[in-house]
Amino acid sequence: MTAPIAICRKILAAALIAAASAAPQMAAAGVDSAAIQSGTPLKTLSAYGFFDDVPAHSPADRVLPYDLITPLFTDYAEKLRFVYVPEGKTAAYNPDEVFDLPVGSALIKTFTYPADMARPGEDLRHVETRVLARTDKGWRAYPYVWNAEMTDAVLSPLGAKLDVSWQTVSGATRTISYAVPNMNQCRSCHVKGLGRDRETTPIGPEAKHLNHDFAYADGVTNQLVKWRQAGLLTGGPDNPADAPRLARWDDPDAGLTERARAYLDINCAHCHAPDGPAHTSGLYLDSRETDPAHLGVYKRPVAAGRGSGGHDFSIDPGSPATSIIPYRMNSTDPGIMMPELGRTTIHDEGVALIRDWIAAMDE
Amino acid sequence: MPPIADIQDTRRFLPGTTAALLAALLAAPLTATAPVAASAQDGGTGDTPAAETTEATEATETTDAYTAIQQALIMAEPGAVIELGPGRYELSDGLSLNVDDVTIKGAGMDKTILSFRGQETGAEGLLVESSGVTLMDFAVEDAKGDAIKVIGADGITFLRVRAEWTNGPDALNGAYGLYPVACKNVLIDGAVARGASDAGIYVGQSDNIIVRNSLAEYNVAGIEIENSYVADVYDNVARHNTGGILVFDLPGLPQQGGHSVRVFNNTVIDNDTPNFAPAGNIVGGVPMGTGVMVMANSKVEVFKNRIANNATTGVLIVAYPNEYEDEKYYPYPEGISVYDNSFENIGFAPDNEIGELIASISGTPVPDIVWDGNVPFWHYLAGIPENRGIYVGENAGSADDGSASFMDLDVIPFFTLSWFHSPSTDLPDHAGGVDALPGATLPADQEEKARTL
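What you are looking at is a predicted structure, and each value in this text was computed from that prediction instead of being measured.

Conventions used here
- Residues take numbers from 1 onward in each chain, read along the sequence in its written order.
- Key to labels: chains lettered from A, ligands numbered from 1, both in the order written.
- Totals for whole chains, interfaces and linings use all residues, but because this is a predicted model, local features are given only for residues with pLDDT of at least 70 and pairs of side-chain atoms are given and counted only at 80 or more.
- Side-chain descriptors were evaluated using all non-hydrogen atoms of the structure, hydrogens and water having been removed beforehand.
- The numbering of helices and of strands both runs from the N terminus, where a helix is a DSSP run of H or I of at least 4 residues and a strand a run of E of at least 2.
- Only protein chains enter the accessibility calculation, which uses a 1.4 Å probe; a residue whose area is less than 20% of its type maximum is buried, one above 50% is exposed, and one in between is partly exposed.
- Contact definition: two residues touch when any of their heavy atoms are within 4.5 Å.
- Accessible surface is estimated by sampling points in the Shrake-Rupley manner with a 1.4 Å probe; for residues, cover comes only from the protein chains shown.
- UniProt positions are given in the numbering used here, feature names are shortened, and annotations may be inferred rather than shown by experiment.
- We treat two strands as partners when DSSP finds at least two bridges between them.
- Helix axes are fitted only over the stretch in contact, all axes being lines through C-alpha atoms; the angle between N-to-C directions runs from 0 to 180 degrees.
- Residues belong to a common nonpolar core when they are buried Ala, Val, Leu, Ile, Met, Phe, Trp, Tyr or Cys residues joined through side-chain atoms within 4.5 Å.
- Note on angle classes: values under 35 degrees are labelled roughly parallel, values over 145 roughly antiparallel, values of 65 to 115 roughly perpendicular, and the remainder oblique.
- Whether a crossing is left-handed or right-handed is set by the direction in which the near helix is turned from the far one by less than a right angle, anticlockwise for left-handed and clockwise for right-handed.
- The classification used treats Ala, Val, Leu, Ile, Met, Phe, Trp, Tyr, Cys and Pro as nonpolar, Asp, Glu, Lys and Arg as charged, and all other residues, Gly among them, as polar.
- What gets called buried area is simply the loss in accessible area from a 1.4 Å probe that two parts show on being joined, summed for both.
- Take a side-chain nitrogen of Lys or Arg and a carboxyl oxygen of Asp or Glu: if they are within 4 Å of each other, that pair is a salt bridge.
- Two rings belonging to Phe, Tyr or Trp (six-membered ring only in the last case) form a pair when the distance between their centres is within 6.5 Å. Interplanar angles under 30 degrees mark stacking, angles over 60 mark edge-to-face geometry, and anything in between is tilted.
- In this context, the arc is that of the directions from the helix axis out to the C-beta atoms.
- One number per residue, pLDDT, summarises how confident the predictor is, and it ranges from 0 to 100.

Moving on: the overall build of chain B. From N to C terminus, chain B includes eight helices and 33 strands. Looking at chain B residue by residue over its 453 residues, the buried ones come to 65%. Expressed as a percentage of contacts within chain B between residues at least 6 apart in sequence, the contacts between residues at least 24 apart total 66%. Accessible surface computed for chain B: about 15600 Å², of which carbon and sulfur atoms make up 53%.

As C-alpha cells, this is what we get:
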C-alpha cells in the first residue's frame, strides 16, 4: 500500500498552464530540449520526455541519474535526481563551482516517500518533481505535483500543501503537511546576486558534492567519471581523488568537522554566501570558509529577532545549548527556523551532528 | 478573483514605464489592473469585502487569500499594479514577489489588512526580491518573522504602509516591521510601525534612503538606520518605543562603515516601553527612554528635533561596546553634529546597566546629550583630528542658561586609568563643527510617484 496523499490546497496553475505549449505527449521520443530552452514550462512532467517510463523514472537518452554525497534535508523525503544535457553539448568541469550546464539542459528532482522508511526505495509515493531548466534567459525553476494516480506530475506554479504519511523505522506512522514550494520560493533558494542582476542558479551538481561512486544500471562508477563517459562533462582530473570531495554527513568513518561542514554546506551555504540571499547576515557556511567569525564562531546575530533564542552567538564553541545555529535548526516555527523554506519537520540527526560538532570545539 | 487574462492585460496597458503606468492609472483606474478580492472573512474592521468577492468565489471556489494573492504576485508582469481590495486577508503562508516594477496597492493601511496570525510557513509576511517595487496603502499584521522584508532592490517605495503586531510589545513578535536590506534608493513615507521586537522601521546595509512622515511606536527601536550610507530621517514621530531613532554600525557585515545620515525635524517623545527584545540582539542593550542613539557611525547630523520625556537621555553617542573580530571595522562615532534640537524632561530615570553606568558618572538627571568619550587611543593622546569629533551646539534644554546639557563621559580612563578620569560638561572643542551633509536624493521618478500615488 502506498502512503496516502491528499491535496489540501487547490493547485492553481491556470495562467501558466494556459500558456504552456501544447507539446504532444509522446513517450520514448527523446527529451524536448527546445521546450527546455524556450523558457515556457510544459504542463506535465511527462511532456518533457525525460523518462521512458515516467512513474518508474527510467531515464531517456542523455538523462543520467545522480546523487549528492551529503544531500539537502527535506522532511525525510527520498530524492531521485537526474541531469539532462542536450546532444552535442557538454558542461565544462570547474573545481570550485556548480558545473555550468549548457542551454537546453535540465536538472530533474523527484521528492518521494517510501511507505515504510525501513524499506527505503520501495513502494514509493512521489510527491513533487522540480525541474530546473536552462533556458535562453537563464535558469528557471518549475514545480510539478504528482497526481493521485501517480501517473504523471502537473505544473503547479503556486506550489501545494500535501498531507504525506509514512511508517518510521520504529514502526510509528508519521504524517506531515508537506509544502511544495511555489515558483518564487524555488527561486528564493536558487538566486545569486542582488538588484536587477539577480540570477537563478542550480545547487548541488558540483564536483565536491558529486565525487563518489554511484550504482548505475550498468555498474558502479564514480559520478565525475561517468558524467564524462556519458558525454555530459568535459575536463577535470583523470583521477577523482584529485577533485574536491565533501564528507558524507552520516559516514561513521569521516571526521566530525568534515561531516558538519558538509552538512552546513549543502543545507545552508546556497543562501549563506557572500552572493546569496542571506549575505546580509555576514554568516557564510560554505565548506571552504576559513574565517571563524564568518562561520559563526562568536558571531553575534544581526537580524535574527527571536531566532536568536536568547543566545549571543551563532556558534558558542563548546556549548551547543547556547548556540544559535542548532537552535534555529531545531525549530519549525516560521519566525525561528532555518532554512526558512523547504522543511516542515526537524532533522533530528542533522541537529545532533551540529550539536556534537559545536560541543567538540575548544572554548 | 478575476480571470488571469486581466493581469496579462496589464502588460498591454502598463508597459512598464512610469509614465505609462501613471497614465493608465488615471485613464482606467483599477479595472485594467488586477484586483484581488478579500476572501469572505470577518475582518472585525467594519469593512465589508468588496463586490469582487462574489466574482472571486465563483471563479475559484476554494481559493484562499494566500493562493489568490500569491498567484497575482507570481503572474505579474513588470509594470503591473496588483490591487488588494478592502478587507482582512487571513494568510497561511508568507507572500513573495520577485517581479520588477510592480505596485501592490491596497485600499488604505486600515482597510486592506494582510493578517499572518495563522502563518504556517515563510520567515516574513511579505518578501520582495525585486527592484522598482511600490508597496502602498495596506497593512501587514502579526507576521511570524519580519513583516515586510525587501532584499537587494534598486528602488523600493513604501507609501502609507502599516506593519504591526497587534498584541503590543512582546518578545515573541517579529523582529522588523518594514525591513529593506541591501537596497539602493529606499523611500518610506507615511508608514506606521508598531510592536516590532527589534526595529519598527529598519533600513540595513542600504544606500540612499529617505524615511519621512512616519510613525513608529511600541517597538524596541522606533526607526533604525544600520550599516547604511546616505540617509535622511525627517518629519517622523518616534514615541513609546524603548529607543526612538537609532543610527548604528555593526561589525562583520558585508556593508559597514555607515555614514552620512541626517536625523531632523522629528518628534522623539515618550519612549517609555521597557526593552522587550529577545536576548542576543544588539538592541536588547538599548536603555528605555533613549531618544536618539548613534553608535559607531561617522558623519551623522541630528538637528531640529523635538526630544522630550525620554528617561535615560536625549541623544546618546557611543562606540560599539562588544568585542569583535573584524579588522575592517571602525567602532568609533566620528563627525557627529547635534544642533538646533529642543530637549525637555530628559534623563530622569536612567534604565538598565548602561543607564546606571552613565548616571554613576553624570548623576541624575542624566544630561540631555551624552557621549561616551570613547576614541581611538591615538586620538586620546594626540587630539581629535578636525571634522572627526563630536560637535554639539545651539540646542535648547535643561542647562541653566536654557541650552542643552551635555556630558563627555570619558569612559576609557573611567575603566582603565580612573585617577585621570575627567568627565566633562564642556562642549567638545571642535572648531566650526562638521560640514553639513548634502542628504539623500532619490531618482526623480521615485519621488514623483510618491507625490502622485
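The UniProt entry lists residues 125-272 of chain B under the feature "domain: Right handed beta helix" (unreviewed entry), expressed in the numbering used here. Structurally, residues 125-272 of chain B comprises 0% helix and 58% strand, and the distance from its first C-alpha atom to its last is 27 Å.

Moving on, we come to the sheet that holds strand E18 (residues 215-217) of chain B. Residue and element names in this part refer to chain B. The strand order across the open sheet built from 10 strands is E3-E6-E9-E12-E15-E18-E21-E24-E27-E30, with neighbouring strands paired in parallel fashion. The sheet is open, and its two borders are formed by strand E3 (87-90) and strand E30 (342-346), each paired with just one other strand. For this sheet the average axis-to-axis angle between neighbouring strands, irrespective of direction, equals 10 degrees. Judged from the three bridges that link them, strand E6 (residues 112-115) and strand E9 (residues 139-141) form a sheet pairing that is parallel. Looking at E9, one finds that Ser115 is bridged to Glu141.

So, about the pairing of strand E12 (residues 173-180) of chain A. The sheet contact formed by strand E11 (residues 160-167) of chain A and E12(A) spans eight bridges and is antiparallel. If you follow Leu162(A) over to E12(A), its bridge partner there is Tyr178(A).

The next point concerns the nonpolar core. All names here are of chain B. One finds Leu114, Leu135 and Ile148 to be the most contacted residues of the largest nonpolar core, which totals 74 residues. Of all the elements, helix H4 (residues 65-75) adds the most residues to this core, at five residues. Ignoring any residue separated from it by four or fewer positions in sequence, one finds Ile148 in contact with Leu126, Leu135, Phe138, Val140, Phe158, Val161, Gly177, Leu178 and Tyr179. Counting 35 residues, the second-largest nonpolar core is a separate cluster that includes Tyr176, Tyr202, Met293 and Tyr329.

Turning our eyes to something else, we now look at the packing of helix H6 (residues 256-268) of chain A against helix H9 (residues 348-359) of chain A. For any two helices packed against each other, one specifies the inter-axial angle together with the distance between the axes. All names here are of chain A. The contact between H6 and H9 brings their axes to 9 Å, and the two run at 130 degrees. The pairing of H6 with H9 is recorded here as oblique in orientation. Read as a crossing pair, H6 and H9 show a hand that is left-handed. Residues Leu256, Thr257, Arg259, Ala260, Arg261, Tyr263 and Leu264 of H6 lie in contact with H9, whose contacting residues are Gly350, Leu353, Ile354, Asp356 and Trp357. Split into classes, the residues belonging to the contact of H6 with H9 amount to seven nonpolar, two polar and three charged.

The next thing to look at is the interface of chain A and chain B. Between chain A and chain B, the contact holds 43 residues from the first and 61 residues from the second. Overall, the association of chain A and chain B removes approximately 4100 Å² of surface from exposure, summing both partners, and the carbon and sulfur fraction of that is 51%. Broken down residue by residue, the surface that chain A buries against chain B is led by Asn184(A), Arg196(A) and Arg306(A), which jointly contribute 16%. Put simply, chain A and chain B have two salt bridges between them.

Each aromatic ring pair is summarised here by two numbers: the centre-to-centre distance and the angle between the ring planes. Scanning the entire structure with this criterion turns up 24 aromatic pairs over all chains. Between Tyr324(B) and Tyr329(B), the ring centres sit 5.0 Å apart and the planes meet at 85 degrees, which makes this aromatic pair edge-to-face. Under the relative-accessibility criterion, Tyr329(B) is labelled buried at 5%. Among the aromatic residues, those joined into a ring-pair cluster are Tyr48(A), Phe50(A), Phe51(A), Phe82(A), Tyr84(A) and Tyr144(A).

Side chains of residues three or four places apart in an α-helix project in the same direction, reflecting 3.6 residues per turn. Residues and elements named next belong to chain B. Of all the residues in helix H5 (residues 352-362), the buried ones are Asn352, Gly355, Ile358, Ala359, Ile361 and Ser362. In a view along the axis of H5, the buried residues occupy a sector of 160 degrees, so they form one face of it. Exposed residues on H5 whose side chains face more than 90 degrees from its buried face are Glu353, Glu356 and Ser360. Trailing H5 by a residue or two, Gly363 shows a phi angle of about 80 degrees, which is positive.

Here we come to the confidence of the model for chain B. All names here are of chain B. In this model, chain B carries an average pLDDT of 85, and 83% of its residues clear a pLDDT of 70 or more. Between residues 1-34, whose pLDDT stays under 50, and residues either more than four places distant or in other chains, the model counts 55 contacts. Predicted as a complex, the structure gets a pTM of 0.88 and an ipTM equal to 0.89.

A few words now on the environment of Ala68(B). Tracing the backbone shows Ala68(B) in helix H4. C-alpha separation for the pair Ala68(B) and Thr452(B), spaced 384 residues apart in sequence, amounts to 28 Å.

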